[in-house]
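Structural description and commentary
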Amino acid sequence: MTIIHMDISIVIPTFNEKNNVRLITTRIMNILNREDCLYEIVFVDDSSDDTPIVLEQLCHEFSCVKYLHRKNERGLASAVVEGFCHSQGNQIIVMDADLQHPPELIPLILKRLFQADIVIPSRFVPGGSDGGLNLFRKLISGIARGIGRISIKRLRPISDSTSGYFALKRSVIHNAHLDPIGWKILIEILVKGKYRTVHEIPYSFVAREAGESKMSIKEQYNYLRHIARLVNNSPEDRKFYSFCVIGTLGVLINLFCLHIFLKLFDMGELSSSINSSCIAMIHNFLWNNYVTWREYKSQVLWRRIIQFPQFSLICGLGIAITTLFAQIFLFLGWNIYAGQLLGISVSTSWNFFANSRWTWPVAYNETNREDVKPVVTQELPSKMSWY
Ligand code: GDD
Ligand code: MN
């Protein structure tokens, strides 16, 4: 008996795509039949229309087509995970059924998948375009990607982390516990997967011809829930997030105290500015020590003893920076609140970098050791003459 090793699995989630599934199947087959490889097309279907009937016919006609139908279940991302479990290829391509993701890109994707662990056709690298979305969707989609980038470190270098079109080596998700909410399976893989290299290829996201988009407000909300869950499970991202929240609270406290000292206590501008910064500093130390860097408590006693003085020293310099800005603004006859605010943002950045380096040095070392930064490369548009 010969064991056949499947090379490529194309996983396609479908929901009410009866007018698209045949078309995408033949277009993929036209392309892959020219390549010397063994492939399967795996549809994971949640439809309530006649799509399963068409898929059934396709399965009978073509041995490379498989499908599984989930009854009373919805969710693009979970459908893709299901597809991973029921497919066999060493290389996996995920794409939509509606032909907005051009199958003609597949040969290049596969070629690049030899070098990179994950390949992402991207709308946002030079040569790519997002023509298939209307202005409102573009805006929402941009905000969604921005939120992802701010919240999660691993999404930062990726230009199209919300893409529904991507490819990966199966080893990337080996042993990864994929548990996505909603639609964006790629962010789940980028956060939980094991990979070293990501390659992005520009492509044009074309407009849909048959059927309609299933994107909804509920899915946008699910995206936020998904991001929040990923952040919460990752100490590295939570640290950044918690530092931002504590910093913002510190800023509000700082400005509030400044106002109280100036207006209620009738204190001078210089001492009001210093005192409000001191209060904000104590507030920030306590929260950062017990929340932001809670995983990185030093076992060395003297380190713990000098932590607060050290923090105060670093923040003292921060206060000096803030006060300097406030004084400069006052000297120039500008608004003291604006000066204080600008000073606060400069000193906050100083505080974070200096404290993570010296006050909680374990945190600094550990992050560096754990964090093997994936290399992200981009396809040069000029090389894509075939397209
Ligand atoms: N199984 C299953 N279950 N499939 C679903 C479901 C579901 O609940 N919802 C949608 N799908 C399928 C659709 O049938 C289609 O094949 C694919 O998922 C994408 O759905 P669309 O409704 O066409 O989404 P879109 O065009 O607005 O957005 C897509 O493209 C963007 C750009 O790549 C999505 O893939 C987005 O995530 C992506 O950002
Ligand atoms: Mn679509």
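Predicted model, so just to flag it, every value in this text is computed and none were measured.

Calculation criteria
Residues numbered from 1 in each chain as written. Chains lettered and ligands numbered in written order. Predicted model: local features only at pLDDT ≥ 70, side-chain atom pairs only at ≥ 80, totals over all residues. Heavy atoms only, no water. Axes fitted to C-alpha atoms, helices over the stretch in contact; angles between N-to-C directions. Helix = DSSP H or I, 4+ residues; strand = E, 2+ residues; numbered from the N terminus. Left-handed = near helix turned anticlockwise from the far one by under 90°. Contact = heavy atoms within 4.5 Å. Nonpolar A, V, L, I, M, F, W, Y, C, P; charged D, E, K, R; others polar. Near = heavy atom within 4 Å. Polar contact = N/O pair within 3.5 Å; in protein donor to acceptor, adjacent residues only side chain to side chain. Domains from an automatic or database assignment. Buried area = accessible area lost by both parts, 1.4 Å probe. Salt bridge = Lys/Arg side-chain N within 4 Å of Asp/Glu carboxyl O. Phe/Tyr/Trp six-rings, centres within 6.5 Å; stacked < 30°, edge-to-face > 60°. Buried < 20%, exposed > 50% of the residue type's maximum accessible area, 1.4 Å probe, protein only. Core = buried A, V, L, I, M, F, W, Y, C linked by side-chain atoms within 4.5 Å. Donors = N, O, S within 2.8 Å, 3.2 Å for Na, K, Ca; no water. Pairing = 2+ DSSP bridges. Right-handed = clockwise from strand over helix to strand, strands pointing away.

For the rest of this paragraph, the subject is the packing of helix 9 (residues 269–292) against helix 10 (residues 301–331). The axes of two packed helices give the description: the angle between them and the distance between them. Where helix 9 contacts helix 10, the axes come no closer than 9 Å and their chain directions differ by 145°. Helix 10 is crossed by helix 9, and the crossing has right-handed handedness. Only Gln 307, Phe 308, Phe 311, Ser 312, Cys 315, Gly 316, Ile 319, Thr 322, Thr 323, Ala 326, Gln 327 and Leu 330 of helix 10 make contact with helix 9, whose side of the interface consists of Glu 269, Leu 270, Ser 273, Ile 274, Ser 277, Cys 278, Met 281, Asn 284, Phe 285 and Asn 289. The residue inventory of the contact of helix 9 with helix 10, partitioned by class, reads 11 nonpolar, 10 polar and one charged.

Taken together, 28 residues form the shell around ligand 1, and within it Glu 17, Asp 46, Arg 74, Ser 213 and Lys 214 come nearest. Contact between ligand 1 and Thr 162: an oxygen atom at 2.6 Å from a main-chain N or O atom of the residue. Lys 184 places a side-chain nitrogen or oxygen 2.7 Å from an oxygen atom of ligand 1. Those elements giving two or more residues to the shell around ligand 1 turn out to be strand 1 (8–14) and helix 3 (76–85).

What follows concerns the domain arrangement of the protein. By convention, interface size is frequently given as the accessible area that disappears when the constituent parts associate. The domains assigned to the protein are domain 1 (8–233) and domain 2 (236–370). Listed as interface residues are seven residues of domain 1 and, on the opposing side, five residues of domain 2. Buried surface at the junction of domain 1 and domain 2, both sides included, amounts to about 550 Å², of which 54% is carbon and sulfur. Our count for the domain 1 to domain 2 interface comes out at zero salt bridges. At the boundary of domain 1 with domain 2, the tally comes to two residue pairs in polar contact (both at pLDDT 80 or more). Among the elements of the structure, helix 5 (135–151) and helix 7 (217–232) are those that each provide at least two residues to the side of domain 1 that touches domain 2. Across the side of domain 1 that touches domain 2, the residue classes tally to three nonpolar, two polar and two charged.

A separate point is the packing of aromatic side chains. We describe a pair of aromatic rings using the distance from one ring centre to the other and the angle between the two ring planes. Tallied over the entire structure, the rule returns 12 aromatic pairs. Consider the rings of Phe 243 and Trp 293, whose centres lie 6.4 Å apart with planes at 65°: the pair is edge-to-face. Residue Phe 243 is found in helix 8 (residues 235–263), and its partner Trp 293 is found in the loop between helix 9 and helix 10; the two are separated by 50 residues along the sequence. Accessibility assignment for this pair places Phe 243 and Trp 293 in one class, buried. Judged by centre distance (4.7 Å) and plane angle (70°), the ring pair of Phe 285 and Phe 308 falls under edge-to-face. Taken as a pair, Phe 285 in helix 9 and Phe 308 in helix 10 lie far apart in primary sequence, 23 residues in all.

Here we come to the nonpolar core. Counting residues in each nonpolar core, the largest one holds 37 residues, and the members touching the most others are Phe 84, Ile 118, Phe 166, Leu 168, Ile 173, Ile 185 and Ile 189. For this core, the secondary structure elements donating two or more residues are strand 2 (39–45), helix 3, strand 4 (91–94), strand 5 (118–122), strand 6 (166–169), helix 6 (185–192) and helix 7. Apart from the residues within four sequence positions on either side, Ile 118 is in contact with Leu 113, Ala 167, Leu 168, Val 172, Ile 189, Leu 190, Tyr 195, Thr 197, Val 198 and His 199. Ranked by size, the runner-up nonpolar core spans 35 residues in total, among them Leu 55, Val 65, Ile 93 and Leu 113.

Turning to the coordination of the manganese ion (ligand 2), a few remarks are in order. Distances from the manganese ion (ligand 2) to its protein donors, Asp 98 (OD) and Gln 100 (OE1), fall at 1.9 Å. The burial state of Asp 98 is the same as that of Gln 100; both residues are buried.

Time to look at the pairing of strand 2. Extensive coverage of strand 2 is indicated by the burial of seven of its seven residues. The two faces of strand 2 match: Tyr 39, Ile 41, Phe 43 and Asp 45 on one face and Glu 40, Val 42 and Val 44 on the other face are all buried. Sheet analysis places strand 1 next to strand 2, joined by seven bridges and oriented parallel. Of the residues in strand 2, the one forming a bridge with Pro 13 is Val 44. After leaving strand 1, the chain enters helix 1 (residues 21–32) and then returns to the sheet as strand 2, a path that is right-handed. By the bridge criterion, five bridges tie strand 2 to strand 3 (residues 65–69) in an arrangement that is parallel. Looking at the pairing, Ile 41 lines up with Val 65 of strand 3. With helix 2 (residues 51–61) bridging strand 2 and the parallel strand 3, this β-α-β connection has right-handed handedness.

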